[in-house]
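# Overview (structure and organization)
Residue strings, one per chain:
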Amino acid sequence: MSTNGVVFPPELVQAMRQAGHIVASTGAGVSAESGVPTFRDAQTGFWAQFKPEELATPEAFAANPERVWQWYAVRRRRVREVQPNPGHLALAEMERRARRFTLITQNVDRLHQRAGSRNVVELHGCILSVRCPRGHHVIEDYQDAADEAVPRCPLCQAYLRPAVVWFGEELPAHALEAADTAARQCEVFLSIGTSTLVYPAAQLPFTALECGATVVEINPQPTPLTDSATYTFHGPSGVILPQLLKAVWGEMAAPQNP
Ligand code: BJW
């Protein structure tokens, strides 16, 4: 089945229409068309000298809290400036059209929620919140002040940190369990805009395959999932997802105010 360019196999369209449970699992690529750089994109300006993998660790924060804090402050500002794109909106509409829909995301930008998605499992936390590393204090929607020093916990004086999951840290148990259960139960699993390199999120599409789901990858580049996926669509999710939505359920409703 074709919608302005992309050809969707009728078996896929049928599988999505009939599915009792569809899972979409998203990564940084879904937000690329909103203007949020993907995690492994080359960094620009001052930050080009650091690999993201060297900043997103507890060790990096312990060694240089000011540097890591500033990197997150720049990214928080960017996330607040951008808007959800047609890929985010199509996923929110799929949730409204499907019998049951679970959106699992590795993204920390909250753009899915701003697009109207409701059943969102956040595996890697949220960049807009900060917390005491010892659990004393959380600020849900942290507003950065210009050139600010790293703020401290009002109770224990520890440096506050972004409420995200760094390399070497455990994912929130409730989120990981919800994601794993959804991957085991769904009939269709969409893996969208992720390099499928970072575990345990990278395991989810393989779990879905083992449990018999149709697994669909949407990504301009090949990933370790590509050869195993039932269907692969090479292209930007902001282009492909609205077309997939239309092929399965018809025209998209007008965007709703989140
Ligand atoms: C587009 C597009 C467009 C572009 N449309 N697509 C098993 C094997 C090997 C290693 C491990 C393992 N288990 C655990 C590990 C270690 C580690 C890991 O996975 N390392 C690998 C790198 C090898 N995992 C961990 O450490 C995890 N913790 C853990 O497992 O704990 C266990 C434990 C148990 C008991 C005690 C203690 C620990 C934690 C992982 C946390 C990851 N956190 C980050 C940072 C979040 C905060 C922040 O943003 O700063 O999460 S890392 C970073 O990677 C971020 C992302 O969510 C994540 C995934 O990246 P993603 O989304 O795939 O982005 P990119 O940039 O990689 O790819 C973008 C893709 O988009 C590309 O494919 C493009 O082609 C595509 N694209 N334009 C569609 N328009």
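Residues numbered from 1 in each chain as written. Predicted model: local features only at pLDDT ≥ 70, side-chain atom pairs only at ≥ 80, totals over all residues. Heavy atoms only, no water.

## Let's talk about the pattern of salt bridges
Applying the stated criterion across every chain yields a total of 9 salt bridges. The salt bridge involving Arg184 is made with Asp180; its shortest N-O contact spans 2.9 Å. Note that Arg184 and Asp180 are positioned in helix α8 (residues 173-185) at a spacing of 4 residues, about one turn of the helix. Note on Arg184: relative accessible area 45%, which makes it partly exposed. (Salt bridge = Lys/Arg side-chain N within 4 Å of Asp/Glu carboxyl O. Helix = DSSP H or I, 4+ residues; strand = E, 2+ residues; numbered from the N terminus. Buried < 20%, exposed > 50% of the residue type's maximum accessible area, 1.4 Å probe, protein only.)

## Some remarks on the site of the ligand
Close to the ligand lie 34 residues, the nearest being Arg40, Tyr72, Arg75, Ser195 and Tyr199. Measuring from an oxygen atom of the ligand, one finds a side-chain N or O atom of Tyr72 at 2.5 Å. The contact in question runs from an oxygen atom of the ligand to an N or O atom on the side chain of Asn219, over 2.7 Å. Here the ligand loses 73% of its free accessible area of 1500 Å² to cover by the protein chains. The leading source of residues in the shell around the ligand is helix α5 (residues 65-81), at 3 residues. Here the shell around the ligand gathers at least three residues from each of two domains, domain 1 (2-36 + 82-124 + 174-249) and domain 2 (46-81 + 130-164). (Near = heavy atom within 4 Å. Polar contact = N/O pair within 3.5 Å; in protein donor to acceptor, adjacent residues only side chain to side chain. Areas by Shrake-Rupley, 256 points an atom, 1.4 Å probe, with all protein chains shown as cover. Domains from an automatic or database assignment.)

## Quick word on the packing of aromatic side chains
Applying the stated criterion across every chain yields a total of 6 aromatic pairs. Ring centres of Trp71 and Tyr72 lie 4.9 Å apart, and the angle between their planes is 80°; on these two criteria the pair is classed as edge-to-face. Like Tyr72, Trp71 is buried. A network of ring pairs unites the aromatic residues Phe39, Phe61, Trp71, Tyr72 and Trp166 as a single cluster. Lying over the aromatic face of Trp69, Arg76 brings its terminal NZ or CZ to 4.7 Å of the ring centre. (Phe/Tyr/Trp six-rings, centres within 6.5 Å; stacked < 30°, edge-to-face > 60°. Lys NZ or Arg CZ within 6 Å of the ring centre and 35° of its normal.)

## Topic: the domain arrangement of the protein
Examined at the domain level, the protein breaks down into domain 1 (2-36 + 82-124 + 174-249) and domain 2 (46-81 + 130-164). Summarising the inter-unit geometry, the C-alpha centres of domain 1 and domain 2 are found 29 Å apart. Contact with domain 1, which involves 7 residues of that partner, is made by 7 residues of domain 2. Carbon and sulfur atoms supply 51% of the area buried between domain 1 and domain 2, which totals about 560 Å² over both sides. On inspection of domain 1 and its partner domain 2, the count reaches 0 salt bridges. Viewed at the interface, domain 2 and domain 1 are joined by 3 residue pairs in polar contact (both at pLDDT 80 or more). (Contact = heavy atoms within 4.5 Å. Buried area = accessible area lost by both parts, 1.4 Å probe.)

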